[in-house]
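Descriptive analysis of the structure
One-letter residues, chain by chain:
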Amino acid sequence: MNGKQSLPFRMASAAFVASLLFSGVGRLHAQAPAAPAAPAAKPAEAEADPFAPQPAPPLPPGMTGSSTSDPRYSLKPGLYDAGEAAMGMEHVAFLKKPTAFQLPANDPNDPGVQKALSQLGIGDPTKMPKAMQLVIAGLAFSNSDFAFQGDHLFQGNFYGINFYDISDPAKVSLITSLVCPGGQGDVSVYGNLLFMSVEMANGRLDCGVQGFPPMPPPEKGHENDRRTPAASPDRFRGVRIFDISDIKNPKQVAAIQSCRGSHTHTLVVDPNDKDNVYIYISGTSFVRPKEELAGCSSETPDKDPNTSLFRIDVIKVPLAAPQQAAIVSSPRVFMDPRTGALNGLSNGGSHGKDQEKPKDTNQCHDITVYSAIGLAAGACSGNGILLDIKDPVHPKRVDAVNDPNYSYWHSASFSNDGSKVVFTDEWGGGLGARCRANDPNKWGADAIFNLKDDKLSLAGYYKMPAAQSDTENCVAHNGSLVPVPGRDIEVQAWYQGGVSVMDFTDTAHPFEIAYFDRGAIDTKQLVLGGEWSAYWYNGYIYGSEIARGLDVFKLVPSKFLTQNEIDAAKLVHVNELNVQNQQQITWPSQLTVAQAYVDQLERSQALPANQISSLRKQITSAQKSKLAKKDLAKLQKTATTVQTAASSAKSPIDAKRLTALAQVLQNPTA
């Protein structure tokens, strides 16, 4: 790279970064403990390299790692010119970040880098290694999560939000940029309102980029104390609301302050309330002083029963008057119902570290609500929890699980029928290489649970199967369902592990059906990059690439997925998509959907070959005749036979497919 290119940021200890930015580094710092202040500068020849990649330790007994024989393991490195590998996917388009959202230089002495550090409140950058300065400055421009509405895509960033026109996914174009720092910039959209999470201490009410004056040096003897920035009436940490009725000129109409800021948030739509929407705030950062926001407290529950820890916050947003939005409840979702103790859950210890003791769970990282079934799945640091959200203002915990293989419960997805939940583990906080050959496949992975009668039971794990290098940050991250009827499929981002598409129809045996990956950004040092989120939206997969910009992909036929299945998925269109507000998928009763079911029944050998052939001929004939009476009568007669076959199917999965196929054949639409 030359000096004119933007630099993706080098890696460091998440805890170290957290201590420097007070609030941590957004979604990437999650499980990091408090860390000491930056060490004093040393002579260059004696300076230890805090960014040197650490080799993976030997695999624990009985555990396996990812494969080095996969073509993704040996790809050519580079930022914009890395080697690529794909299976079952095609890369349709790529658009670079706008210039304002890029670090201006790769030299820590560059005035632009030093200005960014000053705006973040770093008082004396000379106290940290030069490369660390690039980490801190660069992280302030990281791409984060997505929201979608119509032909518009909203991409969050630690520095603000970018608005894109995706009416032609092959030619995505920038509409406007909203500069509004504060990290991590997660977004949701509803009607003319856009919501944005703000957590870091440089966030200002007016969206200003100047940040706040750095803290003075610590007193002698207190260099290692964890400190918070001085209270300011101009600081903002919480959820911003913008009016986007004029898409090119978004205007902030409300800014709801919260004690821990908003690491992420979840839009909640109550089917029984047409006048309001709700926002669940997940705050993972430090508690601000009460001098800055009245009522805030970082005390433990035994010292202060009103502590700002061990809770989530609920914002009520009146749609007719969003400027009146306010926090209306702070549910204690970790409480022990028997004793009333606020700290009623713990991680139980994790990742086989004998020395690691159980830690109280006091925060949720992400909450996915599924209003159609009245439940939410909370990925809450040490636990996965299940919430009853029929009363969205007062969610109640109905179950909680933990897992010794899980380091930090990060996000969740329901299957469409609500019978399964996929939780992700952000082991290493997104700042580490966690997909190496010696990294266990049950660590930094997906844990798949069956859900029945409001109880979760572990069924299996999934981790992208290709080993990544020591210089590629990689771990399970954000994904969404791909609406293929008859199957449970999720597309998922894995940072520099790229994009992986998983079939978890059989929860005990999930497997990969498609992928896209690039080579490491750098082979000598670990550089922050890769896909933050990968979501299916109206026929395409969109990837939020942290360092580079915006990716667009499409699925293509393979031995794991047919064209009929892809075409059936494309029949599902939504007007808005906020992935953490999961919508129930319904498919039209079109014969394309029937063809998809037939392909699946052939793949699983649920019907004999002659019956599969006969079904295909009947469906094709009916499609060509546009459901002529003769062809329709044949389909309806066959529907009875198919439904009968469902009662003797060898697997419940195929029984469901046969029943669904019979329903389409009985009442097909053109």
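Structural data are supplied above this passage.
Parameters at a glance
Residue positions are given per chain, counting from 1 as you read along its sequence in written order. Confidence filtering applies because this is a predicted model: local features only for residues at pLDDT of at least 70, side-chain atom pairs given and counted only at 80 or more, and all residues used for totals across whole chains, interfaces and linings. The side-chain numbers reported here are obtained from all heavy atoms of the structure, hydrogens and water having been left aside. Each helix is a run of H or I in the DSSP string that is no shorter than four residues. Each strand is a run of E no shorter than two, and both are numbered from the N terminus. Note on method: radius of gyration uses C-alpha positions; expected globular size equals 2.2 Å times residues raised to 0.38. Accessibility here uses a 1.4 Å probe with only protein chains present; expressed as a share of the type maximum, an area under 20% marks a residue as buried, one over 50% as exposed, and anything in between as partly exposed. Contact between two residues is taken to exist if any of their heavy atoms lie within 4.5 Å; hydrogens are not considered. Note that accessible areas follow from Shrake-Rupley with a 1.4 Å probe, and for residues the cover is restricted to the protein chains shown. Charged-residue counts in this description rest on Lys and Arg as positive and Asp and Glu as negative, His and the chain ends being excluded. A charge is said to be at NZ when it belongs to Lys, at CZ for Arg, at CG for Asp and at CD for Glu. As used in this structure description, the phrase polar contact means that two N or O atoms lie within 3.5 Å; if the pair is within protein, one of them must be able to donate a hydrogen and the other to accept it, and residues adjacent in sequence are counted only when both atoms belong to side chains. Here an axis means a line fitted to C-alpha atoms, over the contact stretch when the element is a helix, while the angle between two N-to-C directions is reported on a 0 to 180 degree scale. Each angle receives one of four descriptions, namely roughly parallel if under 35 degrees, roughly antiparallel if over 145, roughly perpendicular if within 65 to 115, and oblique otherwise. Rotating anticlockwise by less than a right angle from the far helix to the near helix defines a left-handed crossing, while the corresponding clockwise rotation defines a right-handed one. Here the nonpolar group is Ala, Val, Leu, Ile, Met, Phe, Trp, Tyr, Cys and Pro; Asp, Glu, Lys and Arg are the charged ones; every other residue, Gly included, is treated as polar. In the sections that follow, a salt bridge refers to a side-chain nitrogen of Lys or Arg positioned within 4 Å of a carboxyl oxygen of Asp or Glu. By definition, two strands form a pair when at least two bridges between them are found by DSSP.

Moving on, we come to the overall build of the chain. The helix and strand inventory of the chain stands at eight helices and 30 strands. Since a compact globule built from 670 residues should have a radius of gyration of about 26 Å, the 25 Å found for the chain is in line with a globular shape. By principal-axis analysis of the C-alpha atoms, the chain measures approximately 90 × 55 × 50 Å. For the chain, buried positions account for 59% of its 670 residues. Counting only contacts in the chain whose residues sit at least 6 apart along the sequence, the fraction spanning at least 24 positions is 64%. Entry remark: accessible area of the chain is about 26000 Å², with carbon and sulfur atoms responsible for 51%. Computing the positive centroid from 62 side-chain charges and the negative centroid from 67, the chain places the two 4 Å apart.

Among the secondary structure elements, Asp503 is positioned in strand E25 (residues 499–503). Within the structure, Asp503 has its side chain in polar contact with the side chain of Thr505 (distance 2.7 Å). In contact with Asp503, not counting residues within four places along its chain, are Arg487, Asp488, Ile489, His509, Pro510, Phe511 and Ile513.

Let us now look at the packing of helix H4 (residues 563–570) against helix H5 (residues 591–603). Contact pair H4 / H5: the axes reach a minimum separation of 8 Å and the direction vectors enclose 140°. Between H4 and H5, the crossing angle belongs to the class labelled oblique. Crossing geometry of H4 relative to H5 is assigned as left-handed. Across the interface between the two elements, Asn564, Glu565, Asp567 and Ala568 of H4 pack against Thr592, Val593, Gln595, Ala596, Asp599, Gln600 and Arg603 of H5. Grouping the constituent residues of the contact of H4 with H5 by class yields three nonpolar, four polar and four charged.

It is worth spelling out the pattern of salt bridges at this point. Taken as a whole and judged by the stated rule, the model has 26 salt bridges. Its salt-bridge partner being Arg487, residue Asp503 comes within 2.8 Å of it at the nearest N-O pair. Placement of the pair is Asp503 in strand E25 and Arg487 in the loop between strand E23 (478–481) and strand E24 (489–493), with a sequence separation of 16 residues. Each member of the pair Asp503 and Arg487 is classed as buried. Note that Arg657 and Asp654 form a salt bridge whose closest N and O atoms lie 3.1 Å from each other. Pair noted here: Arg657 and Asp654 are both in helix H8 (residues 652–666), with a separation of three residues, about one helical turn. Take Arg657 and Asp654: they sit in the same class, and that class is buried. Via salt bridges that share partners, Glu84, Arg518, Glu531, Arg548 and Asp551 belong to a single interconnected network.

This part is about the sheet that holds strand E13 (residues 313–318). Pairing is antiparallel across the open sheet formed by four strands, whose spatial order is E11-E12-E13-E14. Strands at the two margins of the open sheet, each flanked by one partner only, are strand E11 (264–268) and strand E14 (326–329). Direction aside, neighbouring strands of the sheet carry axes that sit 35° apart on average. The pairing of E13 with E14 spans three bridges and is antiparallel. Each bridged residue has a counterpart across the sheet, and for Ile315 the counterpart in E14 is Ile327.

Now for the pairing of strand E9 (residues 238–243). Remark: a regular strand shows side chains that alternate across the two faces of the sheet. Of all six residues making up E9, five are buried, and the element is well covered by its neighbours. With six bridges connecting them, strand E8 (residues 193–198) and E9 associate as antiparallel partners. Bridge assignment links Val198 to a residue of E9, and that residue is Gly238. Bridging between E9 and strand E10 (residues 251–257) involves six bridges; their strand directions are antiparallel. Paired with Val239 across the two strands is Ile256, which belongs to E10.

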